[in-house]
Amino acid sequence: MCSSSAVSSPAGLSDGELLDEIAVAVAARNREDARLTRLVRAAEHRQAAEHDGLKSMRPWLRGHCRLSAAAAARVVGNGRVLDHLPALAEAHDAGWVSAEQVAVAATALIPERLVAAAERGVDLIEVDAVLTGLALEQPYADFVAAVRHYLTRLDPDGPELDPTEGRRLMLARHADGSLSLRGELDAVGGEKLQAALESFVQANRPAGDDRTRAQRLGDALVQLCDTALAAGSLPVLRTVKPHVAVVIDLEDLADPATGREAGRMGFGAVISAARARWIACDGTISRVVFGPDGAPLDLGREQRLADRHLRRAVELRDGGCVFTGCAAPTWWAEVHHLVHWLDGGETNLANSALLCERHHTKVHHGFRVERQPDGRWRTWRPDGTEIGVPEPLLPRAA
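Residues numbered from 1 in each chain as written. Predicted model: local features only at pLDDT ≥ 70, side-chain atom pairs only at ≥ 80, totals over all residues. Heavy atoms only, no water.

Per-residue confidence for the chain gives a mean pLDDT of 81; residues scoring 70 or more make up 82%. Here residues 1–6 is modelled with pLDDT under 50, and outside its nearest four sequence neighbours on either side it reaches 7 contacts, counting other chains as well. (pLDDT = per-residue confidence, 0-100. Contact = heavy atoms within 4.5 Å.)

This is the structure:
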């Protein structure tokens, strides 16, 4: 085993020592992942997330620990393995099996598949032993294939599966606002997507086009969205048609300079003033005047704010649900009266807060949100204690 001083300085390790340390680090990470899974599973059983006003550990992990939606779902899903595949769970505890492998096994343990296994008399102890052996001895791809084979044999002659069960799309937004897409579609859903994309690919092939196939498909996907948004036929979200929104200072919009990071989009991405001007060429520009505390004061209309305009002002100010730890976007949220209308509260911006449906209910059952003079929102539990998110994220003091 290498000394701690050598570990802290990889440059001082030989190739063999470096590889050994990597293997040790992977095993240690596996053990910590297993510990996290057990802690989250215990919190799920106890509904501990309700302490901070959240429904389950998935949103708590996203809001309080800054995990992505996919990572939070994996941690929670892996907890099923602890209950049903003890051998695999033990191997995970020991650091021999990774969280990725456990996540693959967890797909076989959703309630519907557990019921199917029980109906067919499947011995989960035997399944546990086989999967654990494969996880320890075989490459990751072979382990995945084994789990899929088990799922196929679980119900080979059953009814045709609901195609929506095999569809999933994950969008990972990066710091610069760009997106990485990862997903799966059933055969028919995939055919529909390919047919739609191919129509744009084949309709736009100018001479000298040197884009790769992947680039053309990416452009086709964006064009498909452009067409759907422009048609105005998409479902209305909270009384507002889906649209691309950009908030930018008037000076930046008028300035011909590139203006890096001058505009903020509806989903949180930051773009340049130049890109905002491109979008404005085909869009509508609305004037919004902000006060010194960052709250909209005037929406450019002479008459008193109507419901639609008040909601827009609240969305611009709050950006999403203001309940601590919640990341619900504006289209999931409702405008809440901080002082209830029946108690004399006015329908205006100062008395409004954007809350998702769940947290709108929470604040009517004892929780409380309040906007500070500096524009920050704070949340209190019914017992008067404040819900906080660590900043920066650090372990609790012993």
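Don't stop here, the text continues.
Judged by side-chain polarity, Leu 169, Leu 171, Leu 179, Leu 181, Leu 185, Leu 193 and Leu 221 come together as a nonpolar surface patch covering roughly 640 Å² of accessible area. Of all the secondary-structure elements, those providing two or more residues to the nonpolar patch are β1 (168–173) and β2 (179–184). When its relative accessible area of 34% is taken as the criterion, Leu 193 is described as partly exposed. (Patch = residues over 30% accessible without salt bridge, like charges linked within 9 Å, V, L, I, M, F, W, Y side chains within 5 Å. Areas by Shrake-Rupley, 256 points an atom, 1.4 Å probe, with all protein chains shown as cover. Salt bridge = Lys/Arg side-chain N within 4 Å of Asp/Glu carboxyl O. Helix = DSSP H or I, 4+ residues; strand = E, 2+ residues; numbered from the N terminus. Buried < 20%, exposed > 50% of the residue type's maximum accessible area, 1.4 Å probe, protein only.)

To continue, consider the packing of helix α3 (residues 57–65) against helix α4 (residues 69–84). Where α3 meets α4, the axes come as close as 9 Å, and the angle between the chain directions of the two elements is 135°. One finds that α3 runs oblique with respect to α4. By crossing handedness, the relation of α3 to α4 is classed as right-handed. For the pair α3 and α4, the contacting residues are Met 57, Arg 58, Leu 61 and Arg 62 in the first and Ala 69, Ala 72, Ala 73, Val 75 and Val 76 in the second. Class assignment of the residues belonging to the contact of α3 with α4 gives a composition of 7 nonpolar, no polar and 2 charged. (Axes fitted to C-alpha atoms, helices over the stretch in contact; angles between N-to-C directions. Parallel < 35°, antiparallel > 145°, perpendicular 65-115°, else oblique. Left-handed = near helix turned anticlockwise from the far one by under 90°. Nonpolar A, V, L, I, M, F, W, Y, C, P; charged D, E, K, R; others polar.)

Right, let's get into the sheet that holds strand β12 (residues 386–387). What the 3 strands build is an open sheet, ordered β10-β11-β12; its pairing is antiparallel. Taken across any chain shown, the strands that pair with only one partner, and hence form the sheet edges, are β10 (368–371) and β12. Where β10 meets strand β11 (residues 377–380), 4 bridges bridge the pair, whose relative direction is antiparallel. Within β11, the residue paired with Arg 368 across the bridge is Trp 380. (Pairing = 2+ DSSP bridges.)

A separate point is the nonpolar core. If you look at the biggest cluster of nonpolar residues, it comprises 24 residues, and the most contacted ones within it are Val 81, Leu 85, Leu 88, Val 97, Leu 131, Phe 143 and Tyr 150. When residues in this core are grouped by element, the largest group, 5 residues, is from helix α9 (residues 140–154). Sequence-distant contacts of Leu 88, defined by excluding residues within four places in its chain, comprise Val 81, Val 97, Ala 105, Asp 128, Thr 132 and Ala 135. Residues Phe 323, Leu 355, Cys 356 and Ile 387 belong to the second largest nonpolar core, which totals 13 residues. (Core = buried A, V, L, I, M, F, W, Y, C linked by side-chain atoms within 4.5 Å.)

The next subject is unusual backbone geometry. We note that Gln 47 has phi near 55°; this positive angle belongs to a residue other than glycine. Tracing the backbone shows Gln 47 in the loop between α2 (15–46) and α3. The backbone phi angle of Arg 66 is positive, close to 60°, even though this residue is not glycine. Accessibility expressed as a relative area gives 40% for Arg 66, which makes it partly exposed.

Quick look at the pattern of salt bridges now. By the definition in use, this model includes 15 salt bridges. Note that Arg 381 and Asp 52 form a salt bridge whose closest N and O atoms lie 2.3 Å from each other. Of this pair, Arg 381 sits in the loop between β11 and β12 while Asp 52 sits in the loop between α2 and α3; the two residues are 329 residues apart in sequence, bridging distant segments of the chain. No difference in accessibility class separates Arg 381 from Asp 52, as the two residues are buried. Between Arg 74 and Glu 100 there is a salt bridge, and its shortest N-O distance comes to 3.4 Å. Separated by 26 residues along the polypeptide, Arg 74 in helix α4 and Glu 100 in helix α6 (residues 99–106) bring together distant segments of the chain. On the basis of relative accessibility, which here comes to 30%, the residue Glu 100 falls in the partly exposed class.

As for its placement among the helices and strands, Ala 89 is situated in helix α5 (residues 86–93). Separated by 52 residues in the primary sequence, Ala 89 and Thr 37 have C-alpha atoms spaced 9.9 Å apart.

Looking at helix α7 (residues 111–119), one finds that the buried residues are Leu 114, Ala 116 and Ala 117. Buried residues in α7, looked at end-on, bunch into an arc of 160°, giving them a common side. Facing away from the buried side of α7 by more than 90 degrees, the exposed set consists of Pro 111, Glu 112, Ala 118 and Glu 119. Where the residues of α7 are buried, they touch α4, α8 (124–137) and α9. Immediately beyond the C-terminal end of α7, within one or two residues, lies Gly 121, with a positive phi of roughly 70°. (Arc of directions from axis to C-beta.)

One open sheet holds the 3 strands; their spatial order is β3-β4-β5, and the pairing between them is antiparallel. Unpaired on one side and paired on the other, β3 (246–248) and β5 (270–271) mark the two borders of the sheet. Strand direction decides the pairing type here: strand β4 (residues 263–265) and β5, joined by 2 bridges, are antiparallel. Residue pairing in the sheet places Gly 263 in a bridge with Ile 271 of β5.

Take the packing of aromatic side chains next. Tallied over the full model, the rule gives 1 aromatic pair. Aromatic side chains Phe 323 and Phe 367 sit 5.7 Å apart centroid to centroid with 55° between the ring planes, which places their arrangement in the tilted category. On the criterion of sequence distance, the pair formed by Phe 323 in the loop between α14 (307–318) and β8 (333–337) and Phe 367 in the loop between α15 (357–363) and β10 is long-range, its members being 44 residues apart. Across this residue pair, the class does not change: Phe 323 and Phe 367 are buried. (Phe/Tyr/Trp six-rings, centres within 6.5 Å; stacked < 30°, edge-to-face > 60°.)

So, about α8. The end-to-end C-alpha distance of α8, which contains 14 residues, comes to 20 Å, matching closely the 20 Å that a straight helix rising 1.5 Å per residue would cover. The set of residues buried in α8 consists of Val 127, Asp 128, Leu 131, Thr 132 and Ala 135. The arc that holds the buried residues of α8, viewed along the axis, is 125°, so those residues lie on one side. Set apart from the buried face of α8 by more than 90 degrees, the exposed residues are Ile 125, Glu 126 and Glu 137. Tucked into the core, α8 has its buried residues touching α5, α6 and α9. The N-terminus of α8 is capped by Asp 123, whose side-chain oxygen sits 3.0 Å from the backbone nitrogen of Ile 125. (Expected span 1.5 Å × (residues − 1). Polar contact = N/O pair within 3.5 Å; in protein donor to acceptor, adjacent residues only side chain to side chain.)

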